[in-house]
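# Tertiary structure, described
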Amino acid sequence: PRPTHFLCIPLVGPSSRVQLESALSRLKTDLAVHHRRIPVNAMRPVGSLHLTLDVLHLPDPSVIARAQQALAALPISEFLRLGADTQADNRADSQAIVVELRSLKAMGNPYSTSVLYAEPFDPTGRLPRLARAVVDHFTSAGMLRPQRKAVRLHATFWNSKYIAPRHATSWDKVDARGVFRRYKDHVWADDVVVDRVALCEMGARKVYGQEGEVVDEVYEEIASVGLSDTGR
C-alpha cells in the first residue's frame, strides 16, 4: 500500500538551522559551478531535513490514532540506555544526542543515482540503537512489517524525484561520482541536537514569504515525543 506517513528524527532546530542552511547553500553553489549535470533544483529545502526511520500506511483516522498512541508509548529512557556498556554510556541517557552530518553518499551506485545524502554520526552510539528500537517498537505494535535489515539513517540533500515529471527519464539518474569524491570526508554540520522522534504526513508543505514566494518546505508533524521525556 502507498505510504501515507513516516517515522523520523527531525534535524532542524534553533541551534542547527544556520549550519544546515550553510551546508545546503554550499552544495547548491558547488553543483551549479562544478557539477552542472546535477540539477540544483532537486536540492531539498532546509526545513525538510530529517532522518527517516520507516514509512507507514495509515488509511483512516482510527489507524492514525493507533500510530499516535504507539509513539506516545515509546519508552524513551529505556531505548537510550540500550547497549550501554560503559560508564559514559550509562550517564549519556540523560544527555542530549548531538550528531555530526558527514560525507555525501549516493543511494545505490554513485554513477547512476537519484538521491544524495549526508550521514549522521553519534560518538555515543545511541542514535542507531534508538532508531532500531523505535522501528522494533512499531513492529511489535503491528504498525510495521518485521524486517531484519539495519535502519539506514540518512539526511537527503538532493533528490531528483522532486523535479522529474511523472514517467520522465531525463533526470531520473545522474552520475555523482565527482561530487561524491569531493565531499567524502566533509563535515556539513557538527552540532545538530536530536531532540525528538516524530510521526509526519507524506508530502512537504510549502512555506511562503511576505511576497508570496516559497521560502522553505516542512513536513507536518502530527505527533512527536521528546528524547527528554524520560519519565515513562
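Residues numbered from 1 in each chain as written. Predicted model: local features only at pLDDT ≥ 70, side-chain atom pairs only at ≥ 80, totals over all residues. Heavy atoms only, no water.

Strand order in this open sheet of four strands is β2-β1-β7-β10, and the pairing throughout is antiparallel. In this open sheet, the two edge strands, each paired with only one partner strand, are β2 (50-56) and β10 (221-226). If you compare each strand with its neighbour and ignore which way they point, the axes differ by 20° on average. By the bridge criterion, five bridges tie strand β7 (residues 196-201) to β10 in an arrangement that is antiparallel. Among the inter-strand pairings, C200 is bridged to a residue of β10, identified as E221. Together, β1 (5-10), β7 and β10 form the strand contacts of helix α2 (residues 61-72), whose direction differs from that of β10 by roughly 15°. (Pairing = 2+ DSSP bridges. Helix = DSSP H or I, 4+ residues; strand = E, 2+ residues; numbered from the N terminus. Axes fitted to C-alpha atoms, helices over the stretch in contact; angles between N-to-C directions. Contact = heavy atoms within 4.5 Å.)

Our next topic: the nonpolar core. One recurring pattern in soluble globular proteins is that nonpolar side chains are buried together. Residues F138 and V197 are the most contacted members of the largest nonpolar core, which totals 60 residues. Here the element with the most residues in this core is helix α5 (residues 126-140); it accounts for seven residues. When sequence neighbours within four positions are dropped, the list of residues in contact with V197 reads C8, I9, L53, L71, L74, L130, V134, A223, S224, V225 and L227. Membership of the second largest hydrophobic core comes to five residues, among which are F6, C8, C200 and Y219. (Core = buried A, V, L, I, M, F, W, Y, C linked by side-chain atoms within 4.5 Å. Buried < 20%, exposed > 50% of the residue type's maximum accessible area, 1.4 Å probe, protein only.)

It is worth spelling out helix α1 (residues 17-34) at this point. Helix length check: α1 (18 residues) gives 25 Å between terminal C-alpha atoms against 26 Å at 1.5 Å per residue, within 8%. Three or more residues of α1 are buried, namely L20, A23, L24, L27, D30 and L31. The buried side chains of α1 occupy one side of the element, clustering within an arc of 125° when seen end-on. (Expected span 1.5 Å × (residues − 1). Arc of directions from axis to C-beta.)

Let's shift gears to the side chain of S16. Tracing the backbone through its elements, the reader meets S16 in the loop between β1 and α1. The class of S16 is buried, set by a relative accessible area of 1%. Within the structure, S16 has its side chain in polar contact with the backbone nitrogen of G13 (distance 2.9 Å). Dropping the residues within four chain positions of it, S16 is found in contact with L11 and V192. (Polar contact = N/O pair within 3.5 Å; in protein donor to acceptor, adjacent residues only side chain to side chain.)

For the rest of this paragraph, the subject is the side chain of T113. Examined against the element boundaries, T113 turns out to sit in the loop between β3 (97-106) and β4 (115-121). At 2.8 Å, the side chain of T113 forms a polar contact with the backbone oxygen of M107. At a separation of 3.0 Å, a polar atom in the side chain of T113 contacts the main-chain carbonyl oxygen of V115.

Turning our eyes to something else, we now look at the confidence of the model for the chain. Per-chain confidence: the chain averages 89 in pLDDT, with 89% of residues scoring 70 or above. Predicted confidence is poor over residues 86-93, with pLDDT under 50, and the contacts of this stretch with residues over four places away or in other chains come to nine contacts. (pLDDT = per-residue confidence, 0-100.)

Here we come to the sheet that holds β3. Pairing is antiparallel across the open sheet formed by four strands, whose spatial order is β5-β4-β3-β6. Bordering the open sheet on either side are β5 (155-159) and β6 (187-194), each of which pairs with just one other strand. Across this sheet, the average inter-strand angle for adjacent strands is 30°, counted without regard to direction. One ladder, built from five bridges, connects β3 with β6; its direction is antiparallel. By the bridge assignment, R102 is partnered in β6 with V187. Along the sheet, α5 contacts β3, β4 and β6; its crossing angle with β3, the most-contacted strand, is approximately 85°.

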